[in-house]
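# Structural features, examined
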Amino acid sequence: MSCRRCSRARAFTIMSCSATSFPKVCEESLAKFVNSTNLGHLQLAQIALRVSITEAKFTRSYLTKLASRLEIAHLEEAQAIVDCIDQINDSVAQLRLSLKELRKCTNKVGVDDFMWYMSNVETWASTALTDQINCAATFEDNVHGKIVRNMVKAKVEGVTKVTSNALALVNRYVTRHRFSRSTHRP
């Protein structure tokens, strides 16, 4: 791949990420997955959802290990983490549904089908983000030890940022697609 293509893909990613709530996180999380071949808004949204799924799985794994370490000594904190894991599990499922539905969106689908698919994608990605936020909210109380609370919140906030960015890129794709369809009608 030539440097010029790399530069175009990187510039496109930076420009697209500037529309997200966490642009630097967006750029960094997508950088190693973006290549120059046919990179557009749809492909970037798909990559962002895949990154979010991966990050949610890593978060789930981290929380599972943490819960098992705390289970005996700190039962209440371990139970809060288990509840959080349930939220993250739901989040992973919602993100997978979003990605699967987004893959159905091609130029070959009609406007009505496109809007149906994208409504599903946005709803499921938004629900995934809500699940992640609810997981982090479990640790807002001072009941849990400060160290555990901070470790969990930091890990969960990381996944909420990439999911928020993925949702923003999905929304950007929908907006761009609607605009291009409305300007190309006879």
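Residues numbered from 1 in each chain as written. Predicted model: local features only at pLDDT ≥ 70, side-chain atom pairs only at ≥ 80, totals over all residues. Heavy atoms only, no water.

Named according to an unreviewed UniProt entry, the chain is Pectinesterase inhibitor domain-containing protein originating from Chenopodium quinoa.

### Side note on the layout of surface pockets
One number sums up the size of the largest pocket: a volume of about 160 Å³. For the lining of the largest pocket, the secondary-structure elements that each account for two or more residues are α3 (41–70) and α6 (146–183). Broken down by element, the lining of the largest pocket gets its largest block of residues, five residues, from α3. Within the lining of the largest pocket, the residues separate by chemical class into four nonpolar, three polar and three charged. (1 Å grid on protein atoms, 1.4 Å probe; cavity = no way out; pocket = protein on both sides within 12 Å on 5 of 7 lines; lining within 4 Å. Points joined across faces, edges and corners; volume = space filled by probe spheres on them. Helix = DSSP H or I, 4+ residues; strand = E, 2+ residues; numbered from the N terminus. Nonpolar A, V, L, I, M, F, W, Y, C, P; charged D, E, K, R; others polar.)

### Remarks on the packing of aromatic side chains
For the structure on display, the rule yields one aromatic pair. On the basis of an interplanar angle of 70° and a centroid distance of 5.8 Å, the ring pair of F114 and Y173 is categorised as edge-to-face. Within this pair, whereas F114 is found in helix α5 (residues 111–137), its partner Y173 is found in helix α6, the two being separated by 59 residues in sequence. Each member of the pair F114 and Y173 is classed as buried. Positioned over the ring face of Y62 is K155, at 5.3 Å from the centre of the ring. (Phe/Tyr/Trp six-rings, centres within 6.5 Å; stacked < 30°, edge-to-face > 60°. Buried < 20%, exposed > 50% of the residue type's maximum accessible area, 1.4 Å probe, protein only. Lys NZ or Arg CZ within 6 Å of the ring centre and 35° of its normal.)

### Quick look at α5
Between the first and last C-alpha of α5 there are 38 Å, a value that for 27 residues agrees with the 39 Å anticipated at 1.5 Å per step. Turning to α5, its buried residues number three or more, namely F114, Y117, M118, N120, V121, A125, A128, L129, D131, Q132, C135 and A136. (Expected span 1.5 Å × (residues − 1).)

### Concerning the state of the cysteines
Disulfides are covalent bonds that connect the sulfur atoms of two cysteines. For the structure on display, the rule yields two disulfides. Two residues, C17 and C26, share a disulfide whose sulfurs are 2.1 Å apart. Taking the sign of the S-S torsion, -65° for the link of C17 and C26, the bridge is left-handed. The two residues C17 and C26 agree in class, both being buried. Taking only the cysteines that form disulfides and numbering them from first to last, the chain has the pattern 1-2, 3-4. (Disulfide = S-S within 2.5 Å.)

### Considering the environment of K24
Take K24: it is sitting in helix α2 (residues 23–31). Overall, K24 belongs to the exposed group, its relative accessible area being 56%.

### Describing the pattern of salt bridges
According to the stated counting rule, one finds two salt bridges in the structure shown. K24 is the salt-bridge partner of E27, the closest N and O atoms lying 3.7 Å from each other. Taken together, the positions of E27 and K24, both in helix α2 and three residues apart, correspond to about one turn of that helix. Of the charged contacts, one joins K104 and E101 as a salt bridge, the two residues approaching to 3.0 Å between their closest N and O atoms. (Salt bridge = Lys/Arg side-chain N within 4 Å of Asp/Glu carboxyl O.)

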